[in-house]
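The lines below spell out each chain.
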Amino acid sequence: MQRHAEDRAHPLDRERGGGGGGLRLNPVAATRDNGPQSLPLPRPPMTSSQAPEGPAAKATNIVWHHSTVTRAARAHQRGHRSAILWFTGLSGAGKSTLANAVNSALFEQGLTCYVLDGDNVRHGLCGDLGFSDADREENIRRIGEVAKLFLDAGVVVLTAFVSPFRDDRRRARALVEAGDFIEIHCAADLAVCEGRDTKGLYAKARAGEIKEFTGISSPYEEPEHAELRIETGSQSLEDSVAQVLAYLAAQGVVPGAGEG
């Protein structure tokens, strides 16, 4: 399912058309032809009244320091804009497999991209967190903030996390401008995921060895308005990658045919 309507066009997507003064989607042409000065300035610094709730709210007397090299300048230099591709789904749905395959395809096209994988992040940044609802929420909060930094650095960042709760994904989306966050639901039935069980986690969860396991003893809340729904339980990896790449080209994240 693709999301069409409600999100307003992203500022980096806007370029004045000829004559009529309309807007058209062509971020690559906008950055390459007109230079970074034609792109919008960064958002103003966060005030104390806008400070987020939670752990970040403990920091006081801080001011955001704007980089002399802007996100727009990086887009101009690289020929593509940055974005967050947020892959969500049950364990075994194919999030990491698809994210890494898309990452490889983007890399082959010359894009600057990086995968943030759920297990990898828990080896370091989130190594102090378990799998309670509160820890899951904090895990996704941290990943959302890291993904936002990658976005500002001009990188197409692909995050592969179960991220089971809609509110957590909504908060991650709210960190960035409309059009920067692309939610990709890797849709596979529980029976399919459990049948794959490459890590043996479902068997352990069924045996009671793993508590609060998503899909068994903890809920997964499917996206209601994801930009993309990929049937990873039934369609091939090649078709899934092609579906993601086609969407990115249509949205101007990557150069389309004839561009580049």
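The model shown is predicted, which means the values in this text are computed figures rather than measured ones. (Residues numbered from 1 in each chain as written. Predicted model: local features only at pLDDT ≥ 70, side-chain atom pairs only at ≥ 80, totals over all residues. Heavy atoms only, no water.)

**Q** Looking at this model, I keep getting lost on the overall build of the chain. Mind explaining?
**A** The number of helices and strands found in the chain is nine helices and seven strands. For the chain, buried positions account for 42% of its 260 residues. Of the contacts made within the chain by residues no fewer than 6 positions apart, 73% connect residues no fewer than 24 positions apart. (Helix = DSSP H or I, 4+ residues; strand = E, 2+ residues; numbered from the N terminus. Buried < 20%, exposed > 50% of the residue type's maximum accessible area, 1.4 Å probe, protein only. Contact = heavy atoms within 4.5 Å.)

**Q** Honestly, unusual backbone geometry in this entry has me stumped. Any pointers?
**A** Peptide bonds are trans in most cases, and residues, glycine excluded, mostly fall at negative phi. The phi angle at Ser163 is positive, at roughly 35°, despite the residue not being glycine. The topology assignment puts Ser163 in the loop between strand E5 (156–160) and helix H6 (166–174). With phi around 35°, Asp197 is a residue other than glycine that occupies positive phi space. With respect to the secondary-structure elements, Asp197 resides in the loop between helix H7 (190–196) and helix H8 (201–206).

**Q** Please clarify how the environment of Asp135 should be interpreted in this entry.
**A** The topology assignment puts Asp135 in helix H5 (residues 133–152). In contact with Asp135, not counting residues within four places along its chain, are Leu129 and Gly130.

**Q** Sorry, what's going on with the packing of aromatic side chains here?
**A** Aromatic ring pairs are defined here through the distance separating the ring centres and the angle between the ring planes. Counted under the stated rule, the structure contains four aromatic pairs. Centroid distance Tyr202 to Phe213: 5.0 Å. Interplanar angle 80°. Geometry classified as edge-to-face. Of the two residues, Tyr202 sits in helix H8 while Phe213 sits in the loop between H8 and strand E7 (228–230), which places them 11 residues apart along the sequence. Take Tyr202 and Phe213: they sit in the same class, and that class is buried. One aromatic cluster is present, built from ring pairs that chain together Trp86, Phe161 and Phe181. Lying across the ring of Phe131, Arg122 places its NZ or CZ 3.9 Å from the centre. (Phe/Tyr/Trp six-rings, centres within 6.5 Å; stacked < 30°, edge-to-face > 60°. Lys NZ or Arg CZ within 6 Å of the ring centre and 35° of its normal.)

Read these as geometric descriptors, not functional statements.
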